[in-house]
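Given next are the chains, with one letter for each unit.
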Amino acid sequence: SQQGEEDPQALSIQEGENATMNCSYKTSINNLQWYRQNSGRGLVHLILIRSNEREKHSGRLRVTLDTSKKSSSLLITASRAADTASYFCATAPRVTGGGNKLTFGTGTQLKVEL
Amino acid sequence: DAGVTQSPTHLIKTRGQQVTLRCSPKSGHDTVSWYQQALGQGPQFIFQYYEEEERQRGNFPDRFSGHQFPNYSSELNVNALLLGDSALYLCASSLVGTDYGYTFGSGTRLTVV
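Model, not experiment: these values are computed from the prediction. (Residues numbered from 1 in each chain as written. Chains lettered and ligands numbered in written order. Predicted model: local features only at pLDDT ≥ 70, side-chain atom pairs only at ≥ 80, totals over all residues. Heavy atoms only, no water.)

Novice: Where do I start with the overall build of chain B in this structure?
Specialist: Looking only at helices and strands, one finds 0 helices and 11 strands in chain B. Seen in sequence order, chain B has helices and strands lined up from the N terminus as β-β-β-β-β-β-β-β-β-β-β. The C-alpha radius of gyration of chain B comes to 13 Å, within 12% of the 13 Å expected for a compact globule of 113 residues. Overall, chain B is about 40 × 25 × 25 Å in size when its C-alpha atoms are taken along their principal axes. In chain B, which comprises 113 residues, the proportion classed as buried is 48%. In chain B, the proportion of contacts linking residues at least 24 apart, taken out of those at least 6 apart, comes to 53%. Entry remark: accessible area of chain B is about 5,400 Å², with carbon and sulfur atoms responsible for 49%. Charged side chains in chain B number 8 positive and 10 negative. The centres of these two groups are separated by 12 Å. (Helix = DSSP H or I, 4+ residues; strand = E, 2+ residues; numbered from the N terminus. Rg over C-alpha atoms; globule rule 2.2 N^0.38 Å. Buried < 20%, exposed > 50% of the residue type's maximum accessible area, 1.4 Å probe, protein only. Contact = heavy atoms within 4.5 Å. Areas by Shrake-Rupley, 256 points an atom, 1.4 Å probe, with all protein chains shown as cover. Lys, Arg positive; Asp, Glu negative; His and termini not counted. Charge placed at Lys NZ, Arg CZ, Asp CG, Glu CD.)

Laid out in structure tokens, this is it:
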């Protein structure tokens, strides 16, 4: 089953605008990761934020994590047409003894128009 | 540095048949996980292999089985295929004890007719 929901399900913006996607999850986590998927192909890891972190940056990406609300957001600044893709959040559980299976959200389809 | 390699890229099978999908992990990685992604959905965890053993399993029937070889490569086997098994099957590799994120392959698109 899916861990949580992503919001919005679809987002259409103009090139140069910022895109914000939100993710909610249900259980305690070790970390939360964001992935991009182009046209049903493989997933590309974008950024990982650990449960004791509140904000992280990587290039044009900014991720926030609020463990009290069990939510995260991904901000893509100055979007480009090449950012058009589906974006998924995925959580790794807080477990002992190893094992770091990911539980994915439902995804946000981002379309960046010229 | 080669990433994760999956084969074949596309496959069409008939209901009731069996299929084997293959995955070579990224160099330096020792853990392989398999995911099923139905159209329009997020990936669902099938199972994870480490040290040639299944370490974790998702909510998938026994028709789904796997194997990991000494060189860390892995196979996913699905028996008695159903129409509902049609999906993109993704392999992801990682290094145990780290949380740097997974490296995914491009997937195998399985169509069951």
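Novice: Honestly, the side chain of Ser 33 of chain B in this entry has me stumped. Any pointers?
Specialist: All names here are of chain B. Along the chain, the position of Ser 33 falls in strand S4 (residues 31-37). A polar contact of 3.1 Å, which involves the side chain of Ser 33, links it to the side chain of Gln 48. Beyond its immediate chain neighbours, meaning those up to four positions away, Ser 33 contacts Phe 45, Phe 47, Gln 48, Leu 90, Cys 91, Ala 92 and Tyr 102. (Polar contact = N/O pair within 3.5 Å; in protein donor to acceptor, adjacent residues only side chain to side chain.)

Novice: I tried to follow the pattern of salt bridges on my own but got confused; where do I start?
Specialist: It is possible for side chains of opposite charge to pair when their charged atoms get near one another. Residue and element names in this part refer to chain B. Within the structure shown, the criterion is met by 7 salt bridges over all chains. As a salt-bridge pair, Arg 55 and Glu 51 come within 3.0 Å of each other at their nearest N and O atoms. Across the pair Arg 57 and Glu 54 runs a salt bridge, and its minimum N-O distance is 3.1 Å. Classification of Arg 57 as partly exposed rests on a relative accessible area of 27%. (Salt bridge = Lys/Arg side-chain N within 4 Å of Asp/Glu carboxyl O.)

Novice: Help me understand the sheet that holds strand S3 (residues 19-24) of chain B in this model?
Specialist: Whether parallel or antiparallel, the strands of a sheet pair through hydrogen bonds between backbone atoms. Residue and element names in this part refer to chain B. Sheet architecture is open: 4 strands sit in the order S1-S3-S8-S7, paired in antiparallel fashion. Edge positions in the sheet fall to strand S1 (5-7) and strand S7 (64-68), since each has one partner strand and no second. The sheet shows a mean angle of 15 degrees between the axes of neighbouring strands, direction not considered. (Pairing = 2+ DSSP bridges. Axes fitted to C-alpha atoms, helices over the stretch in contact; angles between N-to-C directions.)

Novice: Looking at this structure, how should I read the sheet that holds strand S7 (residues 61-66) of chain A?
Specialist: Residue and element names in this part refer to chain A. Spatially, 5 strands are ordered S1-S3-S8-S7-S6 in an open sheet, and the strand pairing comes out antiparallel. Every other strand in the sheet has two partners, leaving strand S1 (5-7) and strand S6 (55-58) as the edge strands with one partner each. Going from strand to strand, the sheet's axes swing by 15 degrees on average, the running direction of each strand aside. Where S7 and strand S8 (residues 71-76) come together, 6 bridges link them in antiparallel fashion.

Novice: Mind showing me how you'd approach the nonpolar core here?
Specialist: Here is a general trend for soluble globular proteins: nonpolar side chains tend to be buried in one another's company. In this structure, Leu 32, Trp 34, Leu 74, Ile 76, Tyr 87 and Leu 110 of chain A are the most contacted members of the largest nonpolar core, which totals 21 residues. For this core, the secondary-structure elements that each account for two or more residues are strand S3 (19-24), strand S4 (29-37), strand S5 (43-50), S7, S8, strand S9 (85-93) and strand S11 (108-113) of chain A. Aside from chain neighbours lying at most four places away, what touches Ile 76 of chain A is Glu 17, Asn 18, Ala 19, Met 21, Arg 60, Leu 61, Asp 83, Tyr 87 and Leu 110 of chain A. Of all hydrophobic cores here, the second largest spans 19 residues; its members include Leu 21, Tyr 49, Leu 76 and Val 78 of chain B. (Core = buried A, V, L, I, M, F, W, Y, C linked by side-chain atoms within 4.5 Å.)

Novice: Is there a simple way to explain the pairing of S8 of chain A in this structure?
Specialist: Residue and element names in this part refer to chain A. Among the 6 residues of S8, 5 are classified as buried, and the element is accordingly described as predominantly covered. As judged from the 6 bridges shared by S3 and S8, these two strands associate in the antiparallel manner. When the bridges of S8 are listed, Met 21 appears paired with Leu 74. Between the antiparallel neighbours S7 and S8 lie 4 residues, among them Lys 70 with a positive phi of about 50 degrees.

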